[in-house]
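Below are the chains, spelled out letter by letter.
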Amino acid sequence: MGKKQNWMILCCMLGLVWLSGCAPSSQEAKKVPEMKVGILVYRKEDTFLGTIVEAFEAAAKYAEQQENIKISVSVMDGRGSQAVQTGQIEKCIDQKYDVICVNLVDRTVAASIIDQAKAAQIPLIFFNREPVKEDLERWDKVYYVGAVAKESGILQGHLIADAYLNNPERFDKNNDQKLQYVMLEGEQGHQDALLRTEYSIRTLVSEGIQMDKLVNDTANWHRSQAATKMSQWLEKYGNAIEVVICNNDDMALGAIDAYKAAKKLEELPFIVGIDGTPPAMEALAEGTLYGTIKNDEQKQAQAMFQLCYSLVFHGKAESDYTLEKGKYIFINYLPVEREIDKVSTGNKEQ
Ligand code: GAL
Ligand code: CA
């Protein structure tokens, strides 16, 4: 999706209604009210996180255009190192940022970060990598915005099950009534990797499908690592691979790269990802990716932006999205398949 389209969707969704009434009144605001936000990501090249950052920046720009306010958004890259990211958080605290949004490198270190932010009274919004409940309960100005990982696994399982049950001959190449699959997993210890892996398979099995795992491994959400793994598996298992289940789209694209590099596109199995990133949507249109589950970056970014805005200008957390237990905002996932392959009832109730 192009920037312009993103922008238009955002303008419609964020809406004037939400912003109006939130702005400080003109009597209060002698000088232009300002908000300084830090956005810290575990790795800037991560495709999905790039889309969240872009949507957040667009929301900030839009709000600035609607109101007489100034918003500065500083995006910092943790480069995969918690030590680097912790240093960046300390810098944001020293420089008196108004609010800090953190996509942790290592989600087990949240407690000490929360304690530092609390001492400085700077609200913290964690996103995408969910700290444990006990850590989030250390202070009331700590929030989490993300999606329910388990739901994406269930939807991915249903997407594969629907396709297979509607056309078993197409997928069961060796006709043994089982689905031979390989699984490309995200980073070990990440809630999305663990739950997507578990619930995609559980869902398929609960639909009565016999799953036969050939091999699984982590490719850390990376396209290139996934391509390397897939090339090795392709050499070993070749045409026996009927399904490639991927914890995210970048790894699904890596798997497709491996088939392209081996000039085996005619053997391309049923490849599914999660995220619905722009390059994945292109692969879907091209016909190499079978399906994906949309991880809604627009809504996640809006929810984060609304929290930042209301915390800074109103001193309390407000959002169009439900704030569970005063702390959590979870955005739903949605299945996306190629038009020509749509076979079923679409979005199933969970
Ligand atoms: C997941 C997403 C992955 C990757 C990961 C990073 O939610 O599906 O593509 O971005 O977060 O933490
Ligand atoms: Ca089979």
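Everything discussed here concerns the structure shown above.
The sections below set out a description of the structure shown in this document. (Residues numbered from 1 in each chain as written. Chains lettered and ligands numbered in written order. Predicted model: local features only at pLDDT ≥ 70, side-chain atom pairs only at ≥ 80, totals over all residues. Heavy atoms only, no water.)

**Things to note about the coordination of the calcium ion (ligand 2)**
Next up, step 1: Coordination of the calcium ion (ligand 2) by the protein involves D172 (OD), N174 (OD1), D176 (OD), K178 (O), Q180 (OE1), E242 (OE) and E242 (OE), with metal-donor separations of 2.2 to 2.5 Å.
Next up, step 2: Here the donor residues for the calcium ion (ligand 2) map to a single chain with the spacing D-x1-N-x1-D-x1-K-x1-Q-x61-E. (Donors = N, O, S within 2.8 Å, 3.2 Å for Na, K, Ca; no water.)

**Concerning helix 6 (residues 149-166)**
Next up, step 1: Over its 18 residues, helix 6 extends 26 Å from the first C-alpha to the last, a length consistent with the 26 Å expected when each residue adds 1.5 Å.
Next up, step 2: Across the 18 residues that make up helix 6, a large majority, 15, are buried. (Helix = DSSP H or I, 4+ residues; strand = E, 2+ residues; numbered from the N terminus. Expected span 1.5 Å × (residues − 1). Buried < 20%, exposed > 50% of the residue type's maximum accessible area, 1.4 Å probe, protein only.)

**Brief notes about the pattern of salt bridges**
Pairs may arise between side chains of opposite charge once their charged atoms sit close together.
Next up, step 1: Tallied over the entire structure, the rule returns 9 salt bridges.
Next up, step 2: With a closest N to O distance of 2.6 Å, R129 and E187 form a salt bridge. Pair noted here: R129 is in the loop between strand 4 (124-127) and helix 5 (133-136) and E187 is in the loop between strand 6 (178-185) and helix 8 (191-206), with a separation of 58 residues, a long-range link.
Next up, step 3: Among the salt bridges present, the one from K260 reaches E286, with a minimum N-O distance of 3.3 Å. In this pair, K260 is assigned in helix 10 (residues 249-261) and E286 in helix 11 (residues 278-286), connecting sequence segments 26 residues apart. (Salt bridge = Lys/Arg side-chain N within 4 Å of Asp/Glu carboxyl O.)

**Points about the site of ligand 1**
Next up, step 1: The environment of ligand 1 is made up of Y42, D46, F48, N128, R129, H190, D192, R196, W221, N248, D275 and N295.
Next up, step 2: D46 is positioned with one of its side-chain polar atoms (N or O) 2.7 Å from an oxygen atom of ligand 1.
Next up, step 3: Counting only domains with at least three residues in the shell around ligand 1, you end up with domain 1 (3-147 + 297-319) and domain 2 (149-294 + 335-345). (Near = heavy atom within 4 Å. Polar contact = N/O pair within 3.5 Å; in protein donor to acceptor, adjacent residues only side chain to side chain. Domains from an automatic or database assignment.)

**Some points on the state of the cysteines**
Next up, step 1: Within this structure, the stated rule accounts for 0 disulfides.
Next up, step 2: C92 carries a free sulfur, and the closest cysteine sulfur to it, the one in C101, is 9.8 Å from it.
Next up, step 3: Classification of C101 by relative accessible area gives buried; the value is 0%. (Disulfide = S-S within 2.5 Å.)

**Digging into the sheet that holds strand 3 (residues 99-102)**
Next up, step 1: One open sheet accounts for 6 strands, arranged 2-1-3-4-5-11; its pairing is parallel. Either end of the sheet is taken by a strand with one partner, and the two such strands are strand 2 (70-77) and strand 11 (328-331). Recorded for the sheet is a direction-independent mean angle of 15° between the axes of neighbouring strands.
Next up, step 2: Across 8 bridges, strand 1 (residues 34-41) lies against strand 2 in parallel orientation. (Pairing = 2+ DSSP bridges. Axes fitted to C-alpha atoms, helices over the stretch in contact; angles between N-to-C directions.)

**Some details on the packing of helix 2 (residues 47-66) against helix 12 (residues 297-314)**
Next up, step 1: Following both chains from N to C, one finds helix 2 and helix 12 inclined at 50°, their axes separated by 8 Å at the closest point. With respect to helix 12, the axis of helix 2 lies oblique. The interaxial crossing formed by helix 2 with helix 12 has right-handed handedness. Side by side, helix 2 and helix 12 meet where F48, T51, I52, A55, F56, A59, A60 and A63 of the first sit next to E297, Q298, Q300, A301, M304, F305 and C308 of the second.
Next up, step 2: Its residues placed into classes, the contact of helix 2 with helix 12 shows 11 nonpolar, 3 polar and 1 charged. (Parallel < 35°, antiparallel > 145°, perpendicular 65-115°, else oblique. Left-handed = near helix turned anticlockwise from the far one by under 90°. Contact = heavy atoms within 4.5 Å. Nonpolar A, V, L, I, M, F, W, Y, C, P; charged D, E, K, R; others polar.)

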